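Each chain, letter by letter, is given below.
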Amino acid sequence: MKASQFFISTLKEAPAEATLPSHQLMIRAGLIKGVASGLYTWMPMGLRVLRKVEAIVREEMNRSGSVELLMPVVQPAELWQESGRWEFYGKELLRIKDRHERDFCMGPTCEEVITDIVRKEITSYKQLPKNFYHIQTKFRDEVRPRFGVMRAREFVMKDAYSFHADYESLVRDGYQPMYDAYCRIFDRLGLNYRPVAADTGSIGGTGSHEFQVLAESGEDVIAYSDTSDFAANVELAATLPLAGERAAAAETLEKVHTPNVKTINELVAFLNVPIERTLKSIVVEGEEEGELVLLLLRGDHEFNDIKAEKLAGVKSPLTMANPALIRDEFGANGGSLGPVGFKGRVYADFATEKAADWVIGANEDDYHYTGFNFGRDAVEPEFVDLRNVLEGDPSPDGQGRLKLARGIEVGHVFQLRTKYSEAMNTTFLDNNGKSQIMEMGCYGIGITRIVAAAIEQNHDENGIIWTKAMAPFTVVIVPMNYKKSDSVREAADKLYEELLAQGVDVLLDDRDERAGVLLNDSELLGIPHRIVIGDRALKEGNVEYRARAAEENETVAIGEIVGKVLAVLAD
């Protein structure tokens, strides 16, 4: 492709609202143009990247045995009402009406549509298992779209759905092949990633893995073992019970006046005690009407609401207790709460089980206890996992210690089981002629998000550094004074034709721009290999070659440059 026949639209500066490197660089490199909040046009340069990602995803999905179809963006409300998600999904689901006042939505995902297709088309165990996928635009009405295409309202996603006669088939024929296909996809894209065990969230089901591209700007935190393959989202990574005996109590229970002390940090400063000796109290609603559950964890630890929601007797979704109910039950407001005298269910984090002489709320405003001990001063709680893991914690698989890293979720695989098939009566006849509910899996990859995540992981102060598989062009030829120098133009055109003949995806930047603009744009655009042709080097029979990530130019004889490029690309 010649630049004069293409469209390159670069900027020196990114808009002020672009905070992430990927957002800044995608705007500056002219990959995307904003249309409205969370809505973007993919410009020609960006679309080439997007299509290359799609091609790899499609190849690996086909290789895995998944069958491509294409489902609609606009979906009827009846299907979502049947699954129970019409109200549950919330305001992210953009609901619309047609001219006949019938309800529809802009699909954020396609579980309902594909389940409706399958229940009408598949009736026998002989037709199972089956896996369908498509690559299509989705819409989620984000309350605060941000970070460019990383969290946009409209995006492109590959979503796949598998249907099975039993759970063993779901794992063997659906979940594992998709997991393996995702690993191949991200390997081919050249990304540094980790598959991590994750919570199923609003999609539902019993098991899932996220695929996280490691990047400092990532919104997610993942925990992984320093000696094994264990990796999990920090929300799901388990902490382990502490070994050994509980320390003996050395203090008596004493009520201390703590005026206007409401937070752990204020308590630590007021009493001059280590934060590790404090307990914080979190009160949530129980499953029964009016029931409260008290959750206790160390003052320096971060509460994990996903773990708490799964505890017996705790209302799901997790709901913080009403302040008036707390006052009636405990006799105090938040900031002064504790287990002494509380008659309801109490859970305490594993990390609190073996220590003694805690500082905790006294269930009286502006008062705390020092020297509090479980069993002696309050009923022994049930010790459970209530917190986020920390770097250095033992790995849940018993091998090594945990390390933490930030990541960007670009893919997610779920064992849906029968969440949708049961709700939508998706059945088949087994080999005994009996009607059975199908098992389901679903598998998503954020195509547009992959592009942004790759930039977050691969960039420098000059611009994008594309991996070979994702680059809009593999090689860029930058001729100096292409319009004015016959020798440069002839050499550039000849090299361009030779590379095209070898099947190289090459861009000849024949724009009538200053040398600085052409060179800066080549780095901003992140094209992996650059060949600069100028009169001075040509007189000596040379050109300058540089890999995008290299620090120095190489002088190469013009007769050898094609061979060098082909050798580098083959490596």
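A quick note: this is a predicted structure, and the numbers were derived from the prediction, not measured. (Residues numbered from 1 in each chain as written. Predicted model: local features only at pLDDT ≥ 70, side-chain atom pairs only at ≥ 80, totals over all residues. Heavy atoms only, no water.)

Chemist: So what's going on with the overall build of the chain? Residues and values would help.
Modeler: Helix and strand content of the chain: 15 helices and 30 strands. Taken along the three principal axes of its C-alpha coordinates, the chain extends 95 × 70 × 50 Å. Counting across all 571 residues of the chain, residues that qualify as buried make up 50%. Pairs at least 24 residues apart make up 69% of the contacts formed inside the chain by residues separated by at least 6 positions. Element-wise, carbon and sulfur atoms account for 48% of the exposed surface of the chain, whose accessible area totals about 25900 Å². Positive and negative charge centroids in the chain, built from 65 and 90 side chains respectively, lie 4 Å apart. (Helix = DSSP H or I, 4+ residues; strand = E, 2+ residues; numbered from the N terminus. Buried < 20%, exposed > 50% of the residue type's maximum accessible area, 1.4 Å probe, protein only. Contact = heavy atoms within 4.5 Å. Areas by Shrake-Rupley, 256 points an atom, 1.4 Å probe, with all protein chains shown as cover. Lys, Arg positive; Asp, Glu negative; His and termini not counted. Charge placed at Lys NZ, Arg CZ, Asp CG, Glu CD.)

Chemist: Can you break down the nonpolar core residue by residue, with the values?
Modeler: One finds Met26, Tyr182, Phe186, Leu189, Ile450, Trp466 and Met470 to be the most contacted residues of the largest nonpolar core, which totals 65 residues. No other element matches helix 6 (residues 167-189), which puts eight residues into this core. In terms of domain composition, this core takes at least three residues from each of domain 1 (19-193 + 202-211 + 411-455) and domain 3 (475-570). Excluding residues that lie within four positions of it along the chain, Phe186 makes contacts with Leu191, Tyr193, Phe211, Val410, Ile445 and Ile450. (Core = buried A, V, L, I, M, F, W, Y, C linked by side-chain atoms within 4.5 Å. Domains from an automatic or database assignment.)

Chemist: Hey, could you go over the domain arrangement of the chain for me, with residue numbers and the actual values?
Modeler: Looking at the chain, the domain boundaries give domain 1 (19-193 + 202-211 + 411-455), domain 2 (254-384) and domain 3 (475-570). In this structure, domain 1 and domain 2 have C-alpha centres spaced 41 Å apart.

Chemist: So what about the state of the cysteines? Which residues, and what values?
Modeler: The final tally for this structure, using the stated rule, is zero disulfides. Of all cysteine sulfurs, the one in Cys105 lies closest to Cys110, which takes part in no disulfide; the gap is 9.1 Å. Residue Cys110 is classed as buried on the basis of its relative accessible area, which comes to 0%. Here Cys442 is not disulfide-linked; the sulfur of Cys110 is the nearest cysteine sulfur, at 11 Å. (Disulfide = S-S within 2.5 Å.)

Chemist: Explain the layout of surface pockets to me, and be specific about the residues and the numbers.
Modeler: In this structure, the second largest pocket spans a volume of roughly 270 Å³. Lining the second largest pocket are 13 residues, and of these Leu11, Lys12, Arg28, Asn520 and Asp521 sit closest to its centre. Residue contributions to the lining of the second largest pocket peak at six residues, all from helix 13 (residues 515-525). In the lining of the second largest pocket, the residues fall into three nonpolar, four polar and six charged. (1 Å grid on protein atoms, 1.4 Å probe; cavity = no way out; pocket = protein on both sides within 12 Å on 5 of 7 lines; lining within 4 Å. Points joined across faces, edges and corners; volume = space filled by probe spheres on them. Nonpolar A, V, L, I, M, F, W, Y, C, P; charged D, E, K, R; others polar.)

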